[in-house]
Each structure stands twice: as C-alpha cells, then as structure tokens.
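Fold and contact review
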Amino acid sequence: MRVTVEVDGDGLARVEMCRGAGNAIDLAMARGLLDAARECEKARARAVLLTGRGRSFCVGGDLKEFAALSGEELAAHLAEVTDALHGALRILAGLDAPLVAAVQGAVAGAGLGLATAADVSVAASDARFTAAYTAIGYTPDAGTSWSLPRLVGPRRAMDLLLTNRRVPAPEALEMGLVSRVVELERLYEEAVEVAGALARGATEAYGASRRLVDGALSVGLGEHLDAEARRLVAAAVSAEGREGVAAFLAGRRPDFGRRDRARSDPARADGEPGTRSVFESKPT
C-alpha cells in the first residue's frame, strides 16, 4: 500500500502517503498519488487534506530505485514517475476543492513540491525543508520551480534551489513557505480543523479564487481586473452566492454544502449520516 484515500460525508478527502522510510516517491507511489487525485475528482471532494504517515512528510524521490537503473532505463523510468506525479498535481490544481497539506519532519525534493502546491500548508514545529535537487545533480520536479518563486520570491527561490540549505519551520513561516506552524502533537488536529472548515465552505468560490491567484502573475492589471469582475458576477448569481448573502442577512451560518449533498446523497440533505468511501492504492 502506498497511498490511501478516505472521503467523508462532508466531502473532505484525506489522502495519506504511507510508504514508510520517509515516504520516498517510487513509481508505485507516484501512481498511487495519481489514482488518489482521480478519486478526489470522481468523489467531487470539497477539500483535500494531504498527509504523510511517519516521522517525515516526504523526502522526495526514491534514489535507491533510480540508482539501480541504467541510463536509458532511468530516463524511461523518470518519465513515468514524473508523468504520474505531475498528472496528480494537475488534477488537484484543477479542482475547486482547496488543498491542505500537513507536513512534519523532512520535506525534500518532490515532497517540497507537494507541500508548496497546497493552498494552506500546516507545518509541525519539527519540519525542515530543503530543495535537495542540485545537491545530487538533478533539477526540480513536482512543480517546485513554479511554486517556490510564487511563495518566497525569485531571489529566495534560487537561494533554496542552489544551496539546498535546510529551512526550519519558523523560518519557513517567516518567508511564506508555509501558512502556519504548530506543535507536532497538534499537527493533524489543526490540519483536519482547517480542511474540514474548507469542506463546509463555498467550494465554487474557492475554485474561482484559486484560479484568480494562479493567473495573477501572468497577466497585466487590466486583464486581471476584468477576470475578477467576471468571476464576481458568476459567484454572485450562483447558488453559493445566494445562500451566502441570505445567511448573512438572516444572521445564520451558511450551508454551502447542502445542495451538493442533496444531489449526491439525499439522506445527507435530510440530516442523516453521510456515506464514506475508501480507496487504497497498492504497488503495481
């Protein structure tokens, strides 16, 4: 077993990497993450929580697996690994559901890419981050060279990619690499609280906000203002927008998920316990 997925009745998908030994990414793990992303998409997850079982979130690629292959074999193998891993990231980025990562211990290489892909990254106080790629003569994958400059700026991103220095959790918070830092024993509880609240929120508005932020650095101000206006109009006339305003005026908490739950599980709309599906990915 490499990756597990559980989707609860509120639409919170809990994706856990559980390979052991730092959750190093081999081909089976990469495929497991792709399968997990597809399951989140199929289940219409309203939020995704990504965690890594054990002492470390993810130490990056499995170098022992890579070292055992010849040049041509390695090239073909890495193409397969990155195709699956990047496929997972493309799917997760395309969802309306926000992505929350809970990270602890060593976060390196592709693990850093997974952590920085999250909309909200909650780090344990023992977390330490390093790019690690150029230290072994490799270059970034998992979107690391895309996400790092956007989070910490081009100058700091190059510092991290070239020097491979370890960044402790407090410094990672200061530079914007993570969203918040908590004690290790509270990491999962905090991450579940954040992801659970997002799963009960305005999913379509979250998705539109993700796309606005993603596109903000690639267009001029005028074009971006036009995009904001279009997104705002669409949100205001949507079921979510109408529910949010109605709830505010009535002084009650909005129920953004009710319409979605009613469509997928009528019993949930009437207050009955929701269903839960479990998907497991095993080595192939």
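Structural data are supplied above this passage.
Note that the coordinates shown come from a computational prediction; the quantities given were computed from them, not determined experimentally. Numbers given for residues are sequential positions, taken from 1 along each chain in its written order. Residues qualify for local features only when their pLDDT is at least 70, as the model is predicted, and side-chain atom pairs are given and counted only at 80 or more; totals for whole chains, interfaces and linings, by contrast, use all residues. Excluding hydrogens and water, the side-chain figures rest on all heavy atoms present in the structure.

Turning our attention to the nonpolar core. Nonpolar core, defined: a set of buried Ala, Val, Leu, Ile, Met, Phe, Trp, Tyr and Cys residues in which side-chain atoms within 4.5 Å join the residues together. In this scheme, a residue with accessible area under 20% of its type's maximum is buried, one over 50% is exposed, and one in between is partly exposed, where area comes from a 1.4 Å probe on protein chains only. Formed by 55 residues in total, the largest nonpolar core has its most connected members in Ile25, Leu33, Val48, Phe57, Leu114 and Phe129. Only DSSP runs of H or I with at least four residues qualify as helices, and only runs of E with at least two residues qualify as strands; both kinds are numbered from the N terminus onward. In terms of residue count, helix α1 (residues 27–42) provides more of this core than any other element does, eight residues in total. Any two residues having at least one pair of non-hydrogen atoms within 4.5 Å are treated as being in contact. Ignoring anything within four residues of it in the chain, the contact list for Leu33 reads Val3, Met17, Leu50, Leu85, Ala88 and Leu114. In terms of nonpolar packing, the next biggest core, distinct from the first, is built from 16 residues, Val100, Ala102, Val192 and Ala199 among them.

Looking now at a nonpolar patch on the surface. A surface patch of nonpolar side chains, about 390 Å² in accessible area, is lined by Val245, Phe248 and Leu249. Counting through the fold element by element, Phe248 comes out in helix α11 (residues 239–250). Within this analysis, patches are made of residues with over 30% relative accessible area and no salt bridge. Like charges are joined at 9 Å or less; nonpolar side chains (Val, Leu, Ile, Met, Phe, Trp, Tyr) at 5 Å or less. Here the Shrake-Rupley method, with its probe set to 1.4 Å, supplies the accessible areas, and only the displayed protein chains count as covering residues. Within this document, salt bridges are pairs made up of a side-chain nitrogen of Lys or Arg and a carboxyl oxygen of Asp or Glu, the two lying within 4 Å of each other.

Moving on: the environment of Asp141. Relative to the helices and strands, Asp141 is located in the loop between β7 (128–130) and α5 (144–152). It is 9.8 Å that separates the C-alpha atoms of Asp141 and Gly60, two residues lying 81 residues apart in sequence.

Before going further, it helps to spend a moment on helix α8 (residues 187–199). Here α8 contains 13 residues, and its C-alpha end-to-end distance of 18 Å stays within 8% of the 18 Å for a straight helix at 1.5 Å per residue. Every buried residue of α8 is listed here: Leu187, Glu190, Ala191, Val192, Val194, Ala195, Gly196, Leu198 and Ala199. Those residues of α8 that are buried lie in contact with β2 (12–17), β3 (47–52), β4 (99–103), β6 (120–124), β9 (180–182) and α9 (203–215). A helix is expected to span 1.5 Å for every residue after the first.

Here the focus is the packing of aromatic side chains. One pair of aromatic rings is described through two measures. These are the centre distance and the angle between the planes. Each pair of aromatic rings taken from Phe, Tyr and Trp, with Trp reduced to its six-membered ring, is defined by centres within 6.5 Å and is described as stacked if the planes are under 30 degrees apart, edge-to-face if over 60, and tilted in the remaining cases. All told, the structure shown has one aromatic pair when counted by the stated rule. On the numbers, 6.5 Å between centres and 20° between planes, the contact of Phe66 with Tyr138 is stacked. Within this pair, whereas Phe66 is found in helix α2 (residues 63–67), its partner Tyr138 is found in the loop between β7 and α5, the two being separated by 72 residues in sequence. Here, a charge over a ring is recorded when the distance from Lys NZ or Arg CZ to the ring centre is within 6 Å and its angle to the ring normal is within 35 degrees. Across from the ring centre of Trp146, 3.7 Å away, lies the NZ or CZ of Arg150, which sits over that ring.

This part covers the environment of Pro98. Position of Pro98 relative to the elements: it lies in the loop between α3 (71–94) and β4. Judged by its relative accessible area of 6%, Pro98 is buried. With 21 residues separating them along the chain, Pro98 and Asp119 place their C-alpha atoms 6.2 Å apart. Leaving out residues up to four positions away in the same chain, Pro98 has contacts with Arg46, Ala47, Val48, Asp119, Leu198, Tyr206 and Arg210.

Helix length check: α3 (24 residues) gives 34 Å between terminal C-alpha atoms against 34 Å at 1.5 Å per residue, within 8%. When α3 is considered as a whole, its buried residues turn out to be Leu74, His77, Val81, Ala84, Leu85, Gly87, Ala88, Leu89, Ile91 and Leu92. Lining the buried residues of α3 we find α1, β3, α2, β4, α4 (110–117) and α9.

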